[in-house]
Amino acid sequence: MRITVTRLLVAGLVIMLVAAGSFVSMIGREYRDRDDSLVKAMDRLKSEHGQQAQQIHELEVRLQQALDREQSSKALLSSLQADLQNQMQNQQRICNNSQAVDRPHTTTVYPTKTPHRLGVIVPFRKADQELVEFLPHMKKFLEAQGIEHHFLIINQIDNYRFNRGELLNIGFLKAVEEECDYIVMHDVDLLPLLPKQLSYAYPEQPMHIATPWIHPNYHYPKFIGGILIMTNTHFANVNGLSNNYWGWGREDDELYKRITEMNLNITRPDVNETRDGKALRHMHDQDKRVRDMMQIGNQFKIANERDRSTGLDNVDYELASVRRVFIQNVSVAFYDVRLRCNTAVTPWCEHPKKCLPGYYRHKASGACQRCANRCWRGFVLVGKCSEEENPRCLKVGRDISEEEAKKYPKGDIRPPPGAA
């Protein structure tokens, strides 16, 4: 009986131990599964945290780059503002100094093109009739010589007197922007007629096309106006033209001094002397486009001196508009500009309120124009010079009878060929 009870107790203990082992094994598996899940969760969190940290780092880098760019832009803007302020101060000092100042000028070398490209610069104001004839003629003339070219019309739209020199300086700056490597300074009323003799090719030295022996009006040896070809390097190194010549003439005489000071040789085409209109055609209409030749104050004295204070490096103007247009089927860049004037330095930039003796006020332009005082042979000079009136040349037998003409001074100038 005792043995039986003992066996039963042992069997029960065995069963309890087996059950307990199973329970412990099950609990172990659960904990192992939970540990694996926790490890995976921890790994996933670490991965997500790493991605977020990388994104945060990238954002920090971008933010720093943006701050650096902003700081750099501020520094650049400050530098530009400082440069602009210095330039304005320098310009003001130059304008305030009416005495000639010998300023150092840096030598510049411009690259050349192959083939070369010519910038045809036309200083312009209210010469529409001449321009309409000039453009197609010059296009045909230059194409006959195989010259690659670009027309730049520099149109002065302010109320100051005409300033050919400063307009040519502006034209040069624009021609460089248009990738021209040499220029021709060209009056709108002069047309070359001999394409085989009057070459517009790239010159080794400044080339004066409108030579004194073929120009209809100007015959003195140092004359270089009308049509002058220069390379970009030569034009820049003489510092362009003076900006102080308001009204008609003299700016090209001052340019002659700049060119010779740089030891450049002014060349001219090999054309026989001809002033009969076979080499150049001059189509200026004095009645419609009056030349403002009045000298105000000490303008005449200043005009005969070498200007060492103004030039290409300090042109002062406002570009009102740029128009790319076709005129007579010719592509043209039209620049409308307003020049600025310091009247303390050049008071003659403004039209005078009263014309000087020997001048009259032209009704169309308002400019003071020199009164006529001589006429062609076969004409007589009728009328008196005043602010309101210009004497007229009348042809005897056509405009005035021979009897009436006896009262007036006879003309003594030899008329050009073909003149009526």
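This text goes with the structure placed above it.
Bear in mind the structure is a predicted one, so any value in this text is a computation, not a measurement. (Residues numbered from 1 in each chain as written. Predicted model: local features only at pLDDT ≥ 70, side-chain atom pairs only at ≥ 80, totals over all residues. Heavy atoms only, no water.)

**Q** Talk me through the pairing of strand β9 (residues 330–339); I want residue IDs and the actual numbers.
**A** The buried count for β9 comes to eight of 10 residues, which makes it a mostly enclosed element. Bridge count for strand β2 (residues 148–156) against β9 is six bridges, and the pairing is parallel. Bridge assignment links Q156 to a residue of β9, and that residue is V337. Bridge analysis of strand β8 (residues 317–327) against β9 gives 10 bridges, and the strand direction is antiparallel. Bridging from a neighbouring strand, I327 pairs with V330 of β9. Hairpin remark: β8 followed by β9, antiparallel, with two residues in the connecting loop; positive phi at Q328, about 55 degrees. (Buried < 20%, exposed > 50% of the residue type's maximum accessible area, 1.4 Å probe, protein only. Helix = DSSP H or I, 4+ residues; strand = E, 2+ residues; numbered from the N terminus. Pairing = 2+ DSSP bridges.)

**Q** So what's going on with the pattern of salt bridges? Which residues, and what values?
**A** Charged atoms that come close allow side chains of opposite charge to pair. By the definition in use, this model includes 20 salt bridges. Residues E254 and R306 are paired through a salt bridge, measuring 3.4 Å at the closest nitrogen-oxygen approach. Residue E254 is found in helix α5 (residues 251–261), and its partner R306 is found in the loop between α6 (299–303) and β8; the two are separated by 52 residues along the sequence. Residue class for E254 comes out buried when judged on its relative accessible area of 1%. Taken together, the shared-partner salt bridges connect E254, R258, E261, R306, D307 and R308 into one network. (Salt bridge = Lys/Arg side-chain N within 4 Å of Asp/Glu carboxyl O.)

**Q** Any chance you could break down the packing of aromatic side chains for me, citing the residues and the numbers?
**A** Per the counting criterion, the structure on display carries eight aromatic pairs. Pairing F134 with F151 gives two aromatic rings, centres 6.5 Å apart and planes at 75 degrees, and the pair type is edge-to-face. With F134 in helix α2 (residues 128–144) and F151 in strand β2, the pair connects residues that are 17 residues apart, well separated along the chain. Across this residue pair, the class does not change: F134 and F151 are buried. Between W376 and F379, the aromatic rings sit 5.9 Å apart at their centres with planes inclined by 85 degrees, giving edge-to-face as the arrangement. Take W376: its relative accessible area is 32%, and that puts it in the partly exposed class. (Phe/Tyr/Trp six-rings, centres within 6.5 Å; stacked < 30°, edge-to-face > 60°.)

**Q** Which residues make up the nonpolar core, and what are the values?
**A** Ranked by internal contacts, the top residues of the largest apolar core, which has 35 residues, are L131, F134, L142, F151 and Y200. Mapped by element, the contributors of at least two residues to this core are β1 (117–124), α2, β2, β3 (182–186), β4 (190–192), β6 (227–231) and β9. The element contributing the most residues to this core is α2, with six residues. Once residues within four sequence positions are removed from consideration, F134 is found in contact with V120, V122, F151, H186, D187, V188, L190, L191 and M283. Counting residues in each nonpolar core, the second largest holds 33 residues, with A175, L228, A236 and L255 among its members. (Core = buried A, V, L, I, M, F, W, Y, C linked by side-chain atoms within 4.5 Å. Contact = heavy atoms within 4.5 Å.)

In short, geometric facts, not functional conclusions.
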